[in-house]
Amino acid sequence: IETRKRSKEADCARPVHRPRVGEMKMDAPLLVRTPRQYPHESPLGYVLRLTAVNGYHSPRRILDLAGFNRTDAFTVQLDREKLARVLGANGKLVSVYQRADENDPARVALGGHSLMSSDLALHAPRICPACVGEFGYIPVWMDLAIFDACPVHRCRLLTRCPMCKNKLMWTRPGLLTCRCGAQLENGATSPISDVHAAFLWHVLNKFTGATQTDAFGMPVAQLKAMSLGGLLRMSTHLSYIVPKHQR
């Protein structure tokens with residue numbers, strides 16, 4: 001009896017290992033509402049839509065539940081496996097930004113194209129309120145840095161809230177709701193020229209694989225022969241030639 005008592009006392013004195021949060025093997029809780037991602041929906045835009053339908057004030061809540069850290073949550077490092085943890089069956093269908101080349105972390109695969117991470121503007125979200133209102137989601141082409149305007153509605157993309165005047169951020173409660181609570185569909189956007197819209201149509205059709213119909217003096221054959229990545233980089237270099245106020 002004395003031996004058992006001493007053994008029990010020794011066990012009580014022995015330090016107990018308590019796993020840290022990162023060591024705990026726990027399944028992430030599933031979201032209550034997990035609508036499927038649309039075929040041409042922005043990955044981060046999808047997370048924002050999930051935020052709205054689940055009643056959260058910011059996508060950070062979903063990304064925290066999925067196990068993302070604050071450095072990779074709103075970048076091209078948005079991991080599909082982590083996001084799938086909170087989506088259940090629909091997690092298998094999620095399309096995100098993927099590494100195009102294991103030897104080159106700067107290359108990103110998106111929509112079947114190999115791009116540079118600099119071709120995307122995830123740090124500066126922008127929307128066409130008319131597109132989002134009509135489609136019910138943020139089209140993935142709005143993630144491309146080259147799109148400063150919408151060729152569909154021939155208007156500049158909205159980059160700031162019309163109420164608080166702050167830049168749009170991913171950490172807002174809804175597709176068309178600013179962090180300040182203002183409704184973004186009320187944001188005024190300026191029109192663009194026919195040539196501007198025609199060029200962006202070329203880029204959009206290159207991204208989606210659609211056929212260009214209106215030329216507007218564009219070298220269609222030459223543009224068609226280029227890859228999307230090549231077209232984006234050529235456009236970036238040419239933009240340095242034109243004064244900013246004339247773009």
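So, here's what we can say about the structure. Since this is a predicted model, take the numbers as computed values, not measurements.

About the cut-offs
- Residues numbered from 1 in each chain as written.
- Predicted model: local features only at pLDDT ≥ 70, side-chain atom pairs only at ≥ 80, totals over all residues.
- Heavy atoms only, no water.
- Helix = DSSP H or I, 4+ residues; strand = E, 2+ residues; numbered from the N terminus.
- Contact = heavy atoms within 4.5 Å.
- Expected span 1.5 Å × (residues − 1).
- Buried < 20%, exposed > 50% of the residue type's maximum accessible area, 1.4 Å probe, protein only.
- Polar contact = N/O pair within 3.5 Å; in protein donor to acceptor, adjacent residues only side chain to side chain.
- Phe/Tyr/Trp six-rings, centres within 6.5 Å; stacked < 30°, edge-to-face > 60°.
- Pairing = 2+ DSSP bridges.
- Axes fitted to C-alpha atoms, helices over the stretch in contact; angles between N-to-C directions.
- Salt bridge = Lys/Arg side-chain N within 4 Å of Asp/Glu carboxyl O.

1. Quick notes on the environment of proline 139
If you trace the backbone, proline 139 turns up in the loop between helix H5 (129–135) and strand E4 (149–150). When the C-alpha atoms of proline 139 and tyrosine 46 are compared, they prove to be 9.5 Å apart, with 93 residues separating the residues in sequence. If near-sequence neighbours (up to four positions away) are discounted, proline 139 is found in contact with His40 and Ser42.

2. Notes on helix H6 (residues 194–208)
With 15 residues, H6 ought to run about 21 Å at 1.5 Å a step, and its terminal C-alpha atoms sit 21 Å apart, in line with that. For H6, every residue scored as buried is listed here: His196, Ala197, Ala198, Leu200, His202, Val203, Leu204, Asn205, Lys206 and Phe207. At the C-terminal side of H6, glycine 209 shows a positive phi close to 85°.

3. Some details on the environment of valine 53
Residue placement: valine 53 occurs in helix H2 (residues 43–53). Residue class for valine 53 comes out partly exposed when judged on its relative accessible area of 29%. Once you skip the residues sitting within four places of it in the chain, valine 53 turns out to touch Arg33 and Pro35.

4. Some details on the side chain of histidine 113
You can see histidine 113 is positioned in strand E3 (residues 113–116). Engagement of the side chain of histidine 113 in a polar contact is seen with the backbone oxygen of lysine 206, the distance being 3.5 Å. Polar side-chain contacts of histidine 113 include one of 2.9 Å to the backbone oxygen of phenylalanine 207.

5. Quick notes on the packing of aromatic side chains
Scanning all chains against the criterion turns up three aromatic pairs. Ring geometry for tyrosine 38 and tyrosine 137: centres 4.6 Å apart, planes at 25°, overall stacked. Here the residue tyrosine 38 occupies a position in the loop between helix H1 (2–13) and H2, and tyrosine 137 occupies one in the loop between H5 and E4, the gap between them amounting to 99 residues. Judged by relative accessible area, which is 37%, tyrosine 38 ranks as partly exposed. Judged by its relative accessible area of 14%, tyrosine 137 is buried. Among the aromatic residues, ring-to-ring pairing joins Tyr38, Phe135 and Tyr137 into one connected group.

6. Details of the sheet that holds E3
The antiparallel open sheet is built from three strands, whose spatial order is E1-E2-E3. At either margin of the open sheet sits one strand with a lone partner, and together these are strand E1 (98–101) and E3. The average undirected angle you get between the axes of adjacent strands in this sheet is 55°.

7. Here's the deal with the side chain of serine 58
With respect to the helices, strands and loops of the structure, serine 58 is situated in the loop between H2 and helix H3 (60–66). A residue is classified by how much of its surface remains accessible, and serine 58, at 17% relative accessible area, is buried. Excluding anything up to four places from it in sequence, serine 58 contacts Thr51, Thr171 and Arg172.

8. Some remarks on the pattern of salt bridges
The full count for this structure, using the stated rule, is five salt bridges. Of the charged contacts, one joins glutamate 81 and arginine 80 as a salt bridge, the two residues approaching to 2.9 Å between their closest N and O atoms.

9. Digging into H2
Counted residue by residue, H2 has nine buried out of eleven residues, so it is predominantly covered. Residues of H2 that are buried: Pro43, Leu44, Gly45, Tyr46, Val47, Leu48, Arg49, Leu50 and Thr51. For H2, the secondary structure elements touched by its buried residues are H3 and helix H4 (80–84). Where H2 ends, the next residue or the one after it, glycine 55, has phi of about 75°, a positive value.

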